[in-house]
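The primary structure of each chain is shown beneath.
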Amino acid sequence: MAPSSRLAAAIRLGLRSRAYLRHVFQKITALTVGAIFVSRPGERLRLALSAYRRPARQPAVRAAVVAHLYYLDLLPEILRCHATLPEGSPLHLTVPHDRSDDAVRLTDGMATVTVHPCQNRGRDVAPFLELLNAGTFDGYDAVLKLHTKRSPHLLDGEIRRKLLFTMLAGERNQTRRTLALFEAADSGLVGWSACYRDALPYWMGNEARVCAIAARMNAPSEAMQLGFFEGSMFWFRPAALNRLRALELTQEDFEPEARQLDGTLHHAIERCFTISAWADGFLVRDTKGKILRPHADL
């Protein structure tokens with residue numbers, strides 16, 4: 001092996017080791033500190049402390065929420081997030097057909113809630129794209145994308161969802177500060193930094209498919225790079241996803257549900273939200289406003 005090849009292999013090994021250690025550290029943190037943070041006592045403490053903080057300024061931003069409601073019993077968690085948005089902000093729920101009647105019953109009388117029945121296909125991504133393609137989010141500056149992620153194959157699956165909900169829309173002041181980031185016209189996506197993945201091992205089995213999708217979006221080379229919010233929950237400006245919308249993907253393009261853990265179209269699209277934003281010059285930020293950049297090597 002040539003010296004340059006050995007160096008490249010060593011660098012790749014180092015990146016994988018670093019990503020693995022970071023992953024282990026985050027798992028341990030989620031199962032310990034994170035579990036306490038999202039527990040009932042932790043939630044009560046956070047809400048009590050927030051009552052003593054000065055109310056944040058309400059930004060002049062038109063906002064909405066879209067959530068995929070696969071697990072109906074998690075609707076209260078979605079509603080708590082929605083309640084932190086400005087009064088009157090709509091909530092769009094995508095729900096599999098066999099559960100949609102129950103969802104309609106559970107939300108009866110909630111004027112801002114719309115239930116959209118969908119196929120149980122493509123997890124949260126396919127029904128989300130169906131609404132995006134239909135223009136449901138046109139006219140809004142910032143939309144919060146959530147879903148009732150349980151990840152039963154993971155020890156910290158429940159905790160990760162609760163942490164994401166809390167960090168993205170856990171209380172009103174926090175949501176107002178996040179919405180204020182969208183007053184800047186170049187803010188495209190905003191998410192929790194602890195779920196942002198740009199280390200090469202996070203391609204997993206999706207790199208070739210992501211590259212093909214990015215090429216179909218005519219994304220420039222500087223945008224065709226790795227950097228995404230694992231879990232597909234974030235705030236977004238609808239215009240930042242115009243290139244994804246232009247693909248006109250339908251639910252039939254996605255594989256039938258078979259409890260896949262990787263390698264499906266929805267796993268590839270998860271890595272394309274940021275590419276769509278970067279391709280049109282939008283910035284990806286964390287909830288504190290820091291600009292998050294893609295990995296330099298695709």
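Residues numbered from 1 in each chain as written. Predicted model: local features only at pLDDT ≥ 70, side-chain atom pairs only at ≥ 80, totals over all residues. Heavy atoms only, no water.

A. Representation of the pairing of strand β1 (residues 63–68) within the structure. The buried fraction of β1 is high, at six of six residues. Bridge count for β1 against strand β4 (residues 142–147) is six bridges, and the pairing is parallel. Residue His68 lies in a different strand from β4, and its bridge partner there is His147. When β1 meets strand β2 (residues 91–96), the two strands line up parallel, connected through four bridges. From the neighbouring strand, Val65 faces β2, where its bridge partner is Leu91. (Buried < 20%, exposed > 50% of the residue type's maximum accessible area, 1.4 Å probe, protein only. Helix = DSSP H or I, 4+ residues; strand = E, 2+ residues; numbered from the N terminus. Pairing = 2+ DSSP bridges.)

B. Spotlight on the sheet that holds strand β5 (residues 187–191). Pairing in this open sheet of seven strands is mixed, and the strands run β3-β2-β1-β4-β8-β5-β9 from one edge to the other. Taken across any chain shown, the strands that pair with only one partner, and hence form the sheet edges, are β3 (113–118) and β9 (283–286). Mean inter-strand twist for the sheet, computed between neighbouring axes without regard to direction, equals 20°. Sheet contacts for helix α3 (residues 75–82): β1, β2 and β4; angle to β2, the most-contacted strand, approximately 160°. (Axes fitted to C-alpha atoms, helices over the stretch in contact; angles between N-to-C directions. Contact = heavy atoms within 4.5 Å.)

C. Examining the side chain of Asn206 more closely. Structurally, Asn206 can be placed in the loop between β6 (196–197) and α8 (207–216). Classification of Asn206 as buried rests on a relative accessible area of 1%. Non-local contacts of Asn206, meaning those with residues more than four positions away in its chain, are made with Asp262, Gly263, Thr264, His267, Ala268 and Arg271.

D. Expanded view of helix α5 (residues 125–133). A large share of α5 lies buried, amounting to seven of its nine residues. Taken residue by residue, α5 has Val125, Ala126, Pro127, Phe128, Leu129, Leu131 and Leu132 as its buried positions. Two residues or fewer after α5 comes Gly135, characterised by a positive phi angle close to 80°.

E. Representation of the environment of Gly122 in the model. Take Gly122: it is sitting in the loop between β3 and α5. It is 9.7 Å that separates the C-alpha atoms of Gly122 and Thr250, two residues lying 128 residues apart in sequence. Setting aside residues up to four positions removed in sequence, Gly122 forms contacts with Pro127, Phe254, Glu255 and His266.

F. Seen up close, the packing of aromatic side chains. Considering all chains together, one arrives at nine aromatic pairs under this definition. Measuring from centroid to centroid gives 5.3 Å for Phe128 and Phe236, while their planes differ by 90°, and the two rings are edge-to-face. Of this pair, Phe128 sits in helix α5 while Phe236 sits in strand β8 (residues 234–236), and the two are 108 residues apart along the sequence. Each of the two residues, Phe128 as well as Phe236, counts as buried. Aromatic side chains Phe229 and Phe234 sit 6.2 Å apart centroid to centroid with 35° between the ring planes, which places their arrangement in the tilted category. We note that Phe229, like Phe234, is buried. Cluster of aromatic residues (ring-pair linked, three or more members): Phe128, Phe137, Tyr196, Phe229, Phe234, Phe236 and Phe273. Note that Arg150 overlies the ring of Tyr71, its terminal NZ or CZ placed 4.7 Å from the centroid. (Phe/Tyr/Trp six-rings, centres within 6.5 Å; stacked < 30°, edge-to-face > 60°. Lys NZ or Arg CZ within 6 Å of the ring centre and 35° of its normal.)

G. Representation of the nonpolar core. Within the largest apolar cluster, 45 residues are counted, with the highest numbers of intra-cluster contacts made by Phe128, Leu189, Phe236, Ile269 and Phe273. Within the residue set of this core, elements represented by two or more residues are β1, α5, α8, β7 (228–229), β8, α10 (265–270) and α11 (273–279). Of the residues forming this core, the biggest block, six residues, is contributed by α5. When neighbours within four sequence positions are excluded, Phe236 is seen to be in contact with Val66, Phe128, Phe137, Asp141, Ala142, Val143, Lys145, Phe182, Gly188, Leu189 and Leu241. Formed by 33 residues, the second largest nonpolar core is a distinct cluster that contains Ala63, Leu69, Leu179 and Phe182. (Core = buried A, V, L, I, M, F, W, Y, C linked by side-chain atoms within 4.5 Å.)

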